[in-house]
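The lines below spell out each chain.
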Number of protein chains: 2
Amino acid sequence: MEEFVKIVEVSPRDGLQNEKEMIPTAVKIDFINQLSNTGLSVIEATSFVSPKWIPQLADHLEVYTKINKNPAVQYPVLIFNNQGLENAIQVGVKDIAVFTTPSEAFCRRNANCTVEESLQRIQTLATTALENRIRVRGYISCVLGCPFEGEISVDKVCDVADKLIDLGCDEISLGDTIGVGTPGTVEILLKTMQKNISREKIAVHFHDTYGQALANIYAALQNGIRIIDSSVAGIGGCPYAKGATGNVATEDVLYLLNGLKFRTDVDLDKVISSGRFISNYLQRENRSKVSLALMGKNND
Amino acid sequence: MEEFVKIVEVSPRDGLQNEKEMIPTAVKIDFINQLSNTGLSVIEATSFVSPKWIPQLADHLEVYTKINKNPAVQYPVLIFNNQGLENAIQVGVKDIAVFTTPSEAFCRRNANCTVEESLQRIQTLATTALENRIRVRGYISCVLGCPFEGEISVDKVCDVADKLIDLGCDEISLGDTIGVGTPGTVEILLKTMQKNISREKIAVHFHDTYGQALANIYAALQNGIRIIDSSVAGIGGCPYAKGATGNVATEDVLYLLNGLKFRTDVDLDKVISSGRFISNYLQRENRSKVSLALMGKNND
């Protein structure tokens with residue numbers, strides 16, 4: 001029997017949040033509705049965050065309430081503070097994601113607090129969320145390296161992960177935010193983490209900045225991981241430079257998984273179509289090689 | 001102790017051969033001379049082929065004779081017929097590469113003969129080469145799929161490989177010409193082939209058309225392979241469409257190998273520099289993600 005791998009599609013939030021030109025709410029809704037019909041079971045819809053911090057997601061309430069919610073799909077939203085969580089509860093959000101990192105420097109720059117303080121914030125958020133029967137996913141960024149601190153110790157990452165589990169997170173997403181990991185470091189991290197946390201609770205969120213994302217995902221699969229974050233057309237993920245890439249493309253992950261005979265229940269053609277829709281809209285090069293290869297083929 | 005992985009740099013031949021604009025011989029020589037100082041131990045310099053077939057490599061004699069030959073580097077040239085081999089012998093070539101495929105359709109289109117006939121040609125070439133103490137490398141293309149025939153049976157690939165070894169090839173390079181393989185198919189092929197051929201004789205030549213090249217290389221490494229073909233800046237390799245990629249970038253392979261603690265003796269910075277030189281000259285997007293990421297970083 002084919003083993004199931006869950007894809008967590010992060011494009012509507014992680015992919016769009018750094019776009020400078022405001023994207024019309026209707027386009028975001030259309031995009032999410034398209035993704036909802038691909039077979040994806042988790043689509044991170046937006047972030048309930050102050051427009052001061054992420055102007056592009058200022059329409060999060062409207063996006064969340066107006067998308068056609070497929071009952072087979074979870075639509076987590078990223079939450080940073082109590083206000084965001086209150087708003088999320090009001091509109092019936094069932095899944096949230098919270099964010100921390102083992103890197104003090106990254107935490108200070110991104111969340112303006114210490115790692116310890118960020119965990120305290122998460123504790124408050126998770127307590128309220130769980131009281132409201134909301135599922136909590138914990139993102140840990142910079143797990144294989146930090147743009148400010150360089151190397152990050154495996155023990156620190158695992159310590160943060162253990163704490164997130166203790167605080168009530170039912171899934172930990174390990175982010176290689178700057179894409180510096182290789183399969184060897186991935187393996188060490190995952191083996192160490194699985195001493196305390198079962199693999200069903202661990203997701204990987206790899207960036208392709210150095211071209212290593214699919215090799216790292218393959219290493220993660222070999223180490224028992226069955227939850228993978230990705231973004232159609234590879235949109236988002238703070239690439240350094242023109243042409244540099246961030247998030248790994250969902251299409252390319254699906255191609256890998258199909259080749260390895262994993263079951264995803266996701267329709268690759270429909271995902272390719274959603275990826276082309278959003279990269280056309282953004283007028284950005286499509287960063288899925290599978291999408292580009294098949295486009296060439298269809299034109300032959 | 002760190003295990004050694006040999007990189008076979010194919011950019012001067014495989015990377016340049018499909019360029020429509022004629023590249024001045026001096027640029028090719030400069031490019032190869034740069035590569036010769038990176039620590040690479042094998043650089044496929046050109047093809048001794050009729051200008052009728054590959055106009056871009058019409059200057060092969062001049063290129064081969066005028067490059068500064070680093071005694072620590074092998075400079076194989078691709079050979080298709082007796083005339084090419086005679087010329088190669090004349091100018092003191094020490095390493096040649098020959099080409100075949102298990103796909104009848106691909107063989108007909110590319111070499112205008114049957115697979116059996118191509119093996120007969122190779123037999124003639126290899127016999128003469130070996131008499132002249134010239135080492136022979138055998139390329140097998142379409143090992144994980146053919147643009148015309150689709151799936152290619154593992155047994156057929158292994159049969160061709162066995163025959164090439166029998167004919168005197170001391171290394172077999174397995175080409176996933178259209179980049180359709182995934183680590184599962186790579187593993188099956190390599191495990192089967194190693195029943196008859198020792199791993200020291202097997203190289204992998206993977207294309208990144210579907211984004212799978214590094215994952216496939218990682219799978220090959222796990223299956224004992226220690227020879228990898230690649231091309232700086234990812235140049236060449238018949239990409240299907242604008243933005244689609246062919247050869248895997250040497251820079252990205254080196255980053256993977258460095259991360260996995262393999263020894264290559266190759267200087268990544270110098271390779272990046274050669275890759276930038278040639279992609280600037282060709283006015284093509286640099287397809288090494290490592291090169292792009294570090295360029296962005298240096299600009300920060």
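Residues numbered from 1 in each chain as written. Chains lettered and ligands numbered in written order. Predicted model: local features only at pLDDT ≥ 70, side-chain atom pairs only at ≥ 80, totals over all residues. Heavy atoms only, no water.

> Which residues make up empty space enclosed by the protein, and what values go with them?
Per the stated rule, a full pass over the model turns up 3 cavities of 30 Å³ or more. If you add up the space inside the largest cavity, you get close to 260 Å³. The wall of the largest cavity is formed by 25 residues, among which A:D208, A:G211, A:K289, B:D208 and B:K289 lie closest to the centre. Where the lining of the largest cavity is concerned, the elements lending two or more residues are α9 (213–222) of chain A together with α9 (213–222) of chain B. Residue composition of the lining of the largest cavity, by class: 10 nonpolar, 7 polar and 8 charged. (1 Å grid on protein atoms, 1.4 Å probe; cavity = no way out; pocket = protein on both sides within 12 Å on 5 of 7 lines; lining within 4 Å. Points joined across faces, edges and corners; volume = space filled by probe spheres on them. Helix = DSSP H or I, 4+ residues; strand = E, 2+ residues; numbered from the N terminus. Nonpolar A, V, L, I, M, F, W, Y, C, P; charged D, E, K, R; others polar.)

> Break down the nonpolar core for me, with residues and values.
Burial of nonpolar side chains together is a common tendency in soluble globular proteins. Core analysis: the largest hydrophobic core is formed by 179 residues, its most contacted members being A:I96, A:L174, B:I96 and B:L174. Once residues within four sequence positions are removed from consideration, B:L174 is found in contact with B:I140, B:V143, B:V157, B:L189, B:L190, B:M193, B:I202, B:A203, B:V204, B:H205 and B:F206. (Core = buried A, V, L, I, M, F, W, Y, C linked by side-chain atoms within 4.5 Å. Buried < 20%, exposed > 50% of the residue type's maximum accessible area, 1.4 Å probe, protein only. Contact = heavy atoms within 4.5 Å.)

> For unusual backbone geometry, give the residues involved together with the corresponding values.
With phi around 55°, A:N112 is a residue other than glycine that occupies positive phi space. The backbone of B:D265 shows a phi angle near 65°, a positive value even though the residue is not glycine. With respect to the secondary-structure elements, B:D265 resides in the loop between α10 (250–259) and α11 (268–282). The class of B:D265 is partly exposed, set by a relative accessible area of 48%.

> An account of the sheet that holds strand β2 (residues 42–43) of chain B is requested, with residue identities and associated values reported.
All names here are of chain B. Taken together, the 9 strands give an open sheet; going across it, the order is β2-β1-β9-β8-β7-β6-β5-β4-β3, and neighbouring strands pair in parallel fashion. This sheet does not close on itself; its edge strands, each paired only once, are β2 and β3 (46–48). Helix-sheet contacts for α9 involve β7 (171–176), β8 (202–206) and β9 (227–230), and the interaxial angle to β8 is about 170°. (Pairing = 2+ DSSP bridges. Axes fitted to C-alpha atoms, helices over the stretch in contact; angles between N-to-C directions.)

> Can you tell me about α11(B), naming the residues and giving the values?
Residue and element names in this part refer to chain B. The end-to-end C-alpha distance of α11 is 21 Å, a good match for the 21 Å that 15 residues give at a rise of 1.5 Å each. Turning to α11, its buried residues number three or more, namely L268, V271, I272, S274, G275, I278, S279 and L282. Burial along α11 is one-sided: seen end-on, the buried residues are contained in an arc of 160°. In α11, the exposed positions angled more than 90 degrees off the buried face are occupied by D269 and N280. For α11, the side-chain oxygen to backbone nitrogen distance between the N-cap and D269 is 2.9 Å, and the N-cap itself is D267. Following α11 by one or two positions, Q283 has its phi on the positive side, about 55°. (Expected span 1.5 Å × (residues − 1). Arc of directions from axis to C-beta. Polar contact = N/O pair within 3.5 Å; in protein donor to acceptor, adjacent residues only side chain to side chain.)

> Would you mind going over the environment of A:G15 in detail, with residue names and values included?
Here A:G15 is to be found in helix α1 (residues 11–15). Its relative accessible area of 2% is what places A:G15 among the buried residues.

> An account of the packing of aromatic side chains is needed here, citing residue identities and associated values.
Summed over the entire model, instances satisfying the criterion amount to 11 aromatic pairs over all chains. Judged by centre distance (6.5 Å) and plane angle (55°), the ring pair of A:F80 and A:F99 falls under tilted. Taken together, the positions of A:F80 in the loop between β4 (77–79) and α4 (82–90) and A:F99 in strand β5 (residues 95–100) put the pair 19 residues apart, joining distant regions of the chain. A cation over a ring is seen here: B:K69 above B:Y64, with NZ or CZ 4.4 Å from the ring centre. For B:R137, the ring lying beneath its charged end belongs to B:Y139, and the centroid distance is 5.3 Å. (Phe/Tyr/Trp six-rings, centres within 6.5 Å; stacked < 30°, edge-to-face > 60°. Lys NZ or Arg CZ within 6 Å of the ring centre and 35° of its normal.)

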